[in-house]
Amino acid sequence: MFAFTMMRASNAITFLVLALLLVDGVHCEDPYRFLTWRITYGDIHPLGAKQQGILINGQFPGPQIDAVTNDNLIIRVHNYLREPFLISWNGLQHRRNSWEDGVDGTNCPIPPGKNFTYIMRIKDQIGSFFYFPSLQMHKAAGGFGSIRIWSRPRIPVPFPPPSGDFTILAGDWFKRDHHRLRRMLENGHNLPFPDGLLINGRGWNENTFTVDQGKTYRFRISNVGLTTSVNLRIQGHKMTLVEVEGTHTIQQIYSSLDIHLGQSCSVLVTADQSARDYYIAVSTRFTRRLLKNTAILHYSNSLTRPSGPFPPGPTLDIASSLSQALTIRQNLTASGPRPNPQGSYHYGLIKPTRTIVFANSAPHINGKQRFAVNGVSYISPDTPLKVADYFNIPGVFSVGSIPSYSTAGGNAYLQTSVLGANYHEFVEIVLQNWENSIQSWHFDGYSFFVVGFGGGQWTAASRASYNLRDAVARCTTQVYPRSWTAIYVALDNVGMWNIRSEDWGRQYLGQQLYVRVYTSSHSWRDEYPIPKNALLCGRARGRHTRPL
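Chemist: Would you mind showing me how to read the overall build of the protein chain here?
Modeler: Along its length, the protein chain carries six helices and 36 strands. Over its C-alpha trace the protein chain gives a radius of gyration of 22 Å, about what one expects of a compact globule, namely 24 Å for 548 residues. Of the contacts formed within the protein chain by residues at least 6 apart in sequence, a portion of 78% connects residues at least 24 apart. Carbon and sulfur atoms make up 52% of the accessible area of the protein chain, which totals about 21,300 Å². Considering the protein chain, the positive charge centre built from 52 side chains and the negative charge centre built from 36 side chains are found 2 Å apart.

So this is what it looks like as structure tokens:
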């Protein structure tokens, strides 16, 4: 009844959905999942004191999205805030459809009192991800939630079905509201050190995960914070890593696990200890001041609360984190979203068509703190780049407004930075970090192979250390201080895609850019047309989308 009512109220949207599905050759077995979200302000108490948070249907964190590979998500978002709002989907690849990416380079914001319907197909994806609000530091007020994409029933998964599936959204938190944090950034100051860590939006021992002794459970963990990497351990228990951002991994066992900003993963935990309660401990990484939080792993037959000190974890040590990162590799014999081994795509045998080097920096421009990539600090245009590109609106951006190679020296400057790339290119991207802080980078619309880590300056000789056999494919990767990380990516997704720092203050002050993956083809098999329900703003206001 709910789906029927939604379809009657949204005939134009439903027609668009059906047309896109017909183009993509989808059969009737791929279901729709209709969701309606109401975005409001509300009181939350994450660190004990009342704050104004951003709620979705009255919830903080927001509702969990459960979907199966190739499902069609129809999410109507009503904005009841007093300011524009957008939601982005951290890790969903939006095949041929950057119109639904939910960042200000591709979408006009949802105005106060208005709504927008996201129309997305979870094409050939599995795994653990999350969504978040992408504008105006809204992420510091909430509005985020988890996404679980399950394999289709006939697709083998490389581990027995667990007895339960739990979500942990961990991340740092500020007592200052997002308006004050935004003003701080705009006045030329970086974000301060956060006030605490949250687990699923709550504080110390406010989350309990109940397990039966002897059974195995899946925990999906995401770092939804703004500024810090975290480390997670479970007192007295080992964790078996089985998936990162849609890739099944070789099943390594860990006593603690680093999750950097924007990253997600899945671990299996067997309740194989004596019947009592245990701490699930989360603490910050690479910070001199330690923030920590705990949840409870509760055995269903336990009568004993957790005891002992807070389980210790690594803090400033980089070598152990790098060593752990090198052990995270792809399971070449496991199926991904289709019934074929994940390793059937031999990225290591393909010669990249070009090498791009992105170096982050923290310049002052016009007397204010900014952050930059290759000396260019991104500024948002008055019209989304994707919309301007579609309507051929001049003066919004120019392709090639950011160099594709880091150069020493020179003054940083403000620019709407867009890198041009061609459809079906296979590129090598080097993320070079000359700062003393760890970096975390995300590429919207893509999953890339993390082929190498190294210290100091990357050179062509660094390729000798690359993993060209079973590098993990993911959408977010870390770069250690004064180090580099190399990734390979097949540019097989046409559109305008955001590459950004997952440190939200750095992202807000310019450490991001867009990649325009271009083809002269106008086939729907390469890229979907502008949605009929697309919001138009800036210099595109008053124009009309092309009817289907």
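Chemist: Honestly, the sheet that holds strand β20 (residues 292–299) in this entry has me stumped. Any pointers?
Modeler: Two pairing modes exist for strands in a sheet, parallel and antiparallel, and in both the strands are linked by backbone hydrogen bonds. Spatially, β11-β20-β19-β13-β17 is the arrangement adopted by the five strands of the open sheet, whose pairing is mixed. Strands with a single pairing partner mark the edges of an open sheet, and in this sheet they are β11 (208–211) and β17 (257–259). When the angles between neighbouring strand axes are averaged without regard to direction, this sheet yields 25°. Relative to β20, strand β19 (residues 277–284) runs antiparallel, the two being bridged by seven bridges. Paired with Val282 across the bridge in β20 is Asn293.

Chemist: How should the nonpolar core be read in this particular structure?
Modeler: Proteins that are soluble and globular tend to have nonpolar side chains buried together. Ranked by size, the top nonpolar core spans 62 residues in total, and within it Ile168, Phe219, Leu232, Ile280, Phe358, Ile429 and Phe443 carry the most contacts. Setting aside chain neighbours within four positions, we find Phe219 in contact with Phe166, Ile168, Phe209, Cys265, Ser266, Val267, Val269, Ile280 and Leu297. Of all hydrophobic cores here, the second largest spans 27 residues; its members include Ile54, Phe85, Leu86 and Ala141.

Chemist: Looking at this structure, how should I read the pairing of strand β14 (residues 239–244)?
Modeler: The side chains of a regular strand alternate between the sheet's two faces. A large share of β14 lies buried, amounting to six of its six residues. In the sheet, β14 pairs with strand β16 (residues 253–254) via two bridges, with the strands oriented antiparallel. Residue pairing in the sheet places Thr240 in a bridge with Ile253 of β16. Taken together, the three bridges between β14 and strand β18 (residues 264–270) define a ladder with antiparallel strand orientation. Bridging from a neighbouring strand, Leu241 pairs with Val267 of β18. Bridge count for β14 against strand β15 (residues 247–248) is two bridges, and the pairing is antiparallel. By the bridge assignment for β15, Glu243 is matched with His248. Linking β14 back to β15 in an antiparallel pair, the connection comprises two residues, with Glu245 at a positive phi of about 45°.

Chemist: Mind showing me how you'd approach the sheet that holds strand β4 (residues 72–79) here?
Modeler: Pairing is mixed in the open sheet, where four strands are placed in the order β2-β1-β4-β6. At either end of the open sheet lies a strand with only one pairing partner, and these are β2 (51–56) and β6 (115–121). Neighbouring strand axes in the sheet, compared pairwise and without regard to direction, differ in orientation by 20° on average. In this sheet, β2 lies alongside strand β1 (residues 32–44) in antiparallel orientation, the contact comprising six bridges. Within the sheet, the bridge partner assigned to Ile44 lies in β2 and is Gln51.

Chemist: When you look at the packing of aromatic side chains in this model, what are you seeing that I'm missing?
Modeler: Any two aromatic rings considered together are summarised by their centre-to-centre distance and by the angle between their planes. Considering all chains together, one arrives at 27 aromatic pairs under this definition. Ring centres of Tyr278 and Tyr299 lie 5.5 Å apart, and the angle between their planes is 55°; this geometry places the pair in the tilted category. Placement of Tyr278 in strand β19 and of Tyr299 in strand β20 is noted, with a sequence separation of 21 residues between them. A relative accessible area of 0% places Tyr299 in the buried class. Ring geometry for Tyr378 against Tyr514: centres 5.6 Å apart, planes inclined by 45°, an arrangement best described as tilted. On the criterion of sequence distance, the pair formed by Tyr378 in strand β25 (residues 376–378) and Tyr514 in strand β36 (residues 512–518) is long-range, its members being 136 residues apart. Neither residue differs from the other here; Tyr378 and Tyr514 are each classed as buried. A connected cluster of aromatic rings, assembled from ring pairs, spans Trp37, Trp89, Phe116, Tyr118 and Tyr131. The ring of Trp504 carries the charged tip of Lys139 above its face, separated from the ring centre by 4.7 Å.

Chemist: Whenever I open this one, the pairing of β36 confuses me. Can you help?
Modeler: Taken across its seven residues, β36 has six buried, putting it largely inside the fold. Pairing of strand β28 (residues 417–422) with β36 involves five bridges; the strand directions are parallel. Across the sheet, residue Ala421 finds its bridge partner in β36, namely Val517. With six bridges connecting them, strand β35 (residues 495–501) and β36 associate as antiparallel partners. By the bridge assignment, Met496 is partnered in β36 with Arg516.

Chemist: Teacher, can you tell me more about unusual backbone geometry here?
Modeler: A negative phi angle is the norm for most residues apart from glycine, just as the trans form is the norm for most peptide bonds. The omega angle of the peptide bond from Phe60 to Pro61 is -10°, so this bond is cis rather than trans. Backbone geometry at Asn57 places phi at a positive 55°, although glycine is not the residue there. Looking at where Asn57 falls in the secondary structure, it is placed in the loop between β2 and β3 (65–68). On the basis of relative accessibility, which here comes to 35%, the residue Asn57 falls in the partly exposed class.

Calculation rules
Residues numbered from 1 in each chain as written. Predicted model: local features only at pLDDT ≥ 70, side-chain atom pairs only at ≥ 80, totals over all residues. Heavy atoms only, no water. Helix = DSSP H or I, 4+ residues; strand = E, 2+ residues; numbered from the N terminus. Rg over C-alpha atoms; globule rule 2.2 N^0.38 Å. Contact = heavy atoms within 4.5 Å. Areas by Shrake-Rupley, 256 points an atom, 1.4 Å probe, with all protein chains shown as cover. Lys, Arg positive; Asp, Glu negative; His and termini not counted. Charge placed at Lys NZ, Arg CZ, Asp CG, Glu CD. Pairing = 2+ DSSP bridges. Axes fitted to C-alpha atoms, helices over the stretch in contact; angles between N-to-C directions. Core = buried A, V, L, I, M, F, W, Y, C linked by side-chain atoms within 4.5 Å. Buried < 20%, exposed > 50% of the residue type's maximum accessible area, 1.4 Å probe, protein only. Phe/Tyr/Trp six-rings, centres within 6.5 Å; stacked < 30°, edge-to-face > 60°. Lys NZ or Arg CZ within 6 Å of the ring centre and 35° of its normal.

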